Amino acid sequence: MPNHGQDQLDPNPQAPEPKGRPVGATEYSWCRSVPLGTGITVLALLLSKQPDIHLLQTTLDKLQNSRPLLRTKLRFNSTTNTFSFITPPAPHVQIQPFDLSSTADIISNSDQNIDPYHIILEHELNKNSWSAYLDQSSDAETNVFFITLYTLSENRWAVVLRLHTSTCDRAAAVGLLRELLVLMGGENQGGIAKEYENEVEVSLGIEDYIPSGKGNKPFWARGIDMLGYSLNSFRMSNLDFVDADSPRGSQVVRLQMNSDDTQKLLDVSGRFVFTLLHLSAHDCLFVMLSYNIFHSNV
């Protein structure tokens, strides 16, 4: 005799509860700095063919499924003065499209001699969706990932990804962009590893991925770091700020080198030069290096 009680469906099924965890120590430092304007990671793709927004959204959903941190919400508890990641069970980040007219309104407020793509990139760098955390008297909850599609002209479009650096820093952003392009192209490449098995637990904090003892820095390594900080402070002390009160804006520098100059630079100094370039640009300039070795509009 069938058991009708078991066969009956629940008339009011409950949605899965979102998973969550407190932010780790490194993540907490970014949560404190981002409302003041640092720690925002921006990736931009310049396209000469109008993207299929449905395909792009489907790809975005796949990316959120394989990387649960991308669909995370950053929650601030004003009572305990703490931050935590809350991860909904399903993708929810949506593409925000701007048509030609809406994009033109943004571009019109800037220097018309600058490339519109450059202006849009600066515009995204200056958009701080997490500034609400400055008001620590109230709770706040915001996405850590935003994606926007801008129509620059009739034959140019920009897809911009803006992320909270506590979930995706500048190094990880390169991998994220590569993964997005692979998914857009329909390539599998053996599949993408998920951050958590069968969706039973939220991804770990950054420090928890470091094996025990590996995070300890030797005495001499700390001494070298302190020396480096001192030298950097001398270098920064020579910067004169004439006007510190007017509204700030991110200045994006584009350095374009042909293949011959690039090869000469590699022959002379190799990776060390690029490390110095990165250090000099850290938190001051967003540097885009465009090499003829790799033909790309990114």
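Residue numbering note: each chain is counted from 1, following its sequence as written. Residue-level local features of this predicted model are given only where pLDDT is at least 70; pairs of side-chain atoms are given and counted only at 80 or more, and the full residue set underlies all totals for whole chains, interfaces and linings. The side-chain values count all of the structure's non-hydrogen atoms but skip hydrogen atoms and water molecules.

## Focus on the pattern of salt bridges
Any carboxyl oxygen of Asp or Glu within 4 Å of a side-chain nitrogen of Lys or Arg constitutes a salt bridge here. Scanning the entire structure with this criterion turns up six salt bridges. Taking the shortest distance from any N to any O, the salt bridge between Glu141 and Arg75 comes out at 2.6 Å. Taken together, the positions of Glu141 in strand S6 (residues 140-143) and Arg75 in strand S3 (residues 73-77) put the pair 66 residues apart, joining distant regions of the chain. The cut-offs for exposure are 20% and 50% of the maximum accessible area for each residue type, with area from a 1.4 Å probe on protein chains only; residues under the lower value are buried, those over the upper are exposed, and the others partly exposed. Judged by its relative accessible area of 40%, Glu141 is partly exposed. Residue Arg75 is classed as partly exposed on the basis of its relative accessible area, which comes to 36%. Connected through salt bridges with shared partners, the residues Glu124, Lys127 and Arg162 form a single ionic network. In this description a helix means any DSSP run of H or I spanning at least four residues, a strand means any run of E spanning at least two, and both kinds are numbered starting from the N terminus.

## Observations regarding the packing of helix H4 (residues 100-107) against helix H5 (residues 116-125)
H5 packs onto H4 with a crossing angle of 80° between their chain directions and a minimal axis gap of 10 Å. As judged from the angle between their axes, H4 and H5 are roughly perpendicular. Mapping the contact onto sequence places Thr103, Ile106 and Ile107 in H4 and Pro116, Ile119, Ile120 and His123 in H5. Angles run from 0 to 180 degrees between N-to-C directions of axes, and those axes are lines fitted to C-alpha atoms, restricted for helices to the stretch in contact. Small angles under 35 degrees read as roughly parallel and large ones over 145 as roughly antiparallel, with 65 to 115 read as roughly perpendicular and the rest as oblique. Contacts were defined at the residue level, with two residues in contact if any of their heavy atoms lie within 4.5 Å.

## Considerations on the nonpolar core
Ranked by size, the top nonpolar core spans 49 residues in total, and within it Leu74, Phe145, Tyr150, Leu152, Leu161 and Leu176 carry the most contacts. Ignoring any residue separated from it by four or fewer positions in sequence, one finds Phe145 in contact with Leu60, Leu70, Val93, Leu161, Arg162 and Leu163. For this analysis, a nonpolar core means a set of buried residues of the types Ala, Val, Leu, Ile, Met, Phe, Trp, Tyr and Cys, connected via side-chain atoms within 4.5 Å.

## Concerning the sheet that holds strand S2 (residues 40-47)
Should DSSP find at least two bridges between two strands, the strands are regarded as paired. Across the sheet, four strands lie side by side as S2-S8-S7-S5; this open sheet has mixed pairing. This sheet does not close on itself; its edge strands, each paired only once, are S2 and strand S5 (95-98). Across the sheet, the mean angle separating the axes of adjacent strands is 20° when strand polarity is ignored. Here S5 runs beside strand S7 (residues 145-153); their pairing, made up of four bridges, is parallel. In the sheet register, Ile95 faces S7, and the bridge partner there is Ile147. H4 contacts S5 and S7 of the sheet and is inclined by roughly 95° relative to S7.

## A closer look at H4
Turning to H4, its buried residues are Thr103, Ile106 and Ile107. Along the long axis of H4, the arc covered by the buried residues comes to 95°, so they all point the same way. The inward-facing, buried residues of H4 abut S5, H5 and S7. The arc under discussion is defined with respect to the helix axis, by the directions toward the C-beta atoms.

## With respect to the environment of His164
As for its position among the elements, His164 is in strand S8 (residues 156-164). When sequence neighbours within four positions are dropped, the list of residues in contact with His164 reads Trp30, Cys31, Val34, Gly39, Leu74, Trp130 and Val144. Among the polar contacts listed, one links the side chain of His164 to the side chain of Ser166, at a separation of 2.7 Å. Definition of a polar contact: a pair of N or O atoms within 3.5 Å, with one able to donate and the other able to accept a hydrogen when the atoms are protein atoms, and with sequence-neighbouring residues admitted only if both atoms are side-chain atoms.

## Some remarks on the sheet that holds strand S1 (residues 19-22)
Strand order across the open sheet formed by four strands is S1-S4-S3-S6, with antiparallel pairing between neighbours. Pairing within the sheet leaves two strands with one partner each, and these edge strands are S1 and S6. Sheet twist, expressed as the mean angle between neighbouring strand axes with direction ignored, is 25°. Direction of pairing for S3 relative to S6: antiparallel, over a ladder of four bridges.

## Brief notes about helix H3 (residues 53-66)
A helix's residues, less one, multiplied by 1.5 Å, set its expected span. Along its 14 residues, H3 runs 20 Å from first to last C-alpha, staying within 8% of the 20 Å computed at 1.5 Å per residue. Of all the residues in H3, the buried ones are Leu56, Gln57, Thr59, Leu60, Leu63, Gln64 and Ser66. For H3, the elements touching its buried residues are S5, S7, S8 and helix H6 (170-184). Where H3 begins, the side chain of Asp52 points an oxygen toward the backbone nitrogen of His54, at a separation of 3.0 Å.

## Describing the side chain of Thr72
Looking at the secondary structure, you find Thr72 in the loop between H3 and S3. Thr72 sits in the buried class, given a relative accessible area of 0%. At a separation of 3.2 Å, a polar atom in the side chain of Thr72 contacts the main-chain carbonyl oxygen of Pro68. Excluding residues that lie within four positions of it along the chain, Thr72 makes contacts with Phe85, Ile86, Thr87, Pro88, Thr142, Asn143 and Val144.

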